Amino acid sequence: MIYVVTHDESTCPDCGGVLKYYDSVPRIVRTKRRSTSWIKVRRLRCIKCGHLHRELPDDIFPYKQYEAEIIRGVIEGLITCETIGYEDYPCEMTMIRWISQKVQLPL
């Protein structure tokens, strides 16, 4: 399981221990106009319990490849299958899944 911490947190969400930099991993981000980019996500290890936590930027949701702005636009109804530029990106089934999961996303 991936635990996510923000840039402001320096304590383990599990045990309250201090988090130390461990390494970084690549993560794909899909953005507007079918663009993709790779970012490095820092992983932090708790010195008390040993759990690893990933530090995600604010514009990315856990377990999602698309940037948060696109996901929010779909959930709020601003981006649909008929929206020019988003006709098939993301696909309609992905949009339907995001709408049904909106309670689980940190909006």
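Overview of the structure. (Residues numbered from 1 in each chain as written. Predicted model: local features only at pLDDT ≥ 70, side-chain atom pairs only at ≥ 80, totals over all residues. Heavy atoms only, no water.)

Details of the pairing of strand β4 (residues 52–55)
Quick reminder of the rule: Working definition: with a 1.4 Å probe on protein chains only, accessible area under 20% of the residue-type maximum means buried, over 50% means exposed, and in between means partly exposed. Numbering of helices and strands runs from the N terminus; a helix is a DSSP stretch of H or I covering at least four residues, while a strand is a stretch of E covering at least two. Paired strands, as defined in this entry, are two strands with at least two bridges between them according to DSSP.
Only one face of β4 is buried: it carries H53 and E55, and the other face, with L52 and R54, is open. The turn linking strand β3 (residues 36–46) back onto β4 is made up of 5 residues, and G50 within it adopts a positive phi angle of 85°.

Some words on helix α1 (residues 68–75)
This is how it is decided: The criterion used for residue contact is that any of the two residues' heavy atoms lie within 4.5 Å.
Along α1, 6 of the 8 residues are buried, which leaves the element largely enclosed by surrounding structure. The inward-facing, buried residues of α1 contact β2 (19–30) and α2 (92–100).

Quick look at the nonpolar core
As a reminder, the rule being used: Residue types Ala, Val, Leu, Ile, Met, Phe, Trp, Tyr and Cys, when buried and joined through side-chain atoms within 4.5 Å, form a set referred to as a nonpolar core.
Core analysis: the biggest nonpolar cluster contains 13 residues, and Y66, I70, I71, I79 and W98 have the highest contact counts within it. Secondary-structure elements contributing two or more residues to this core are α1 and α2. Residue contributions to this core peak at 5 residues, all from α1. Beyond its immediate stretch of four places on either side in the chain, I71 contacts F61, K64, Y66, W98 and L105.

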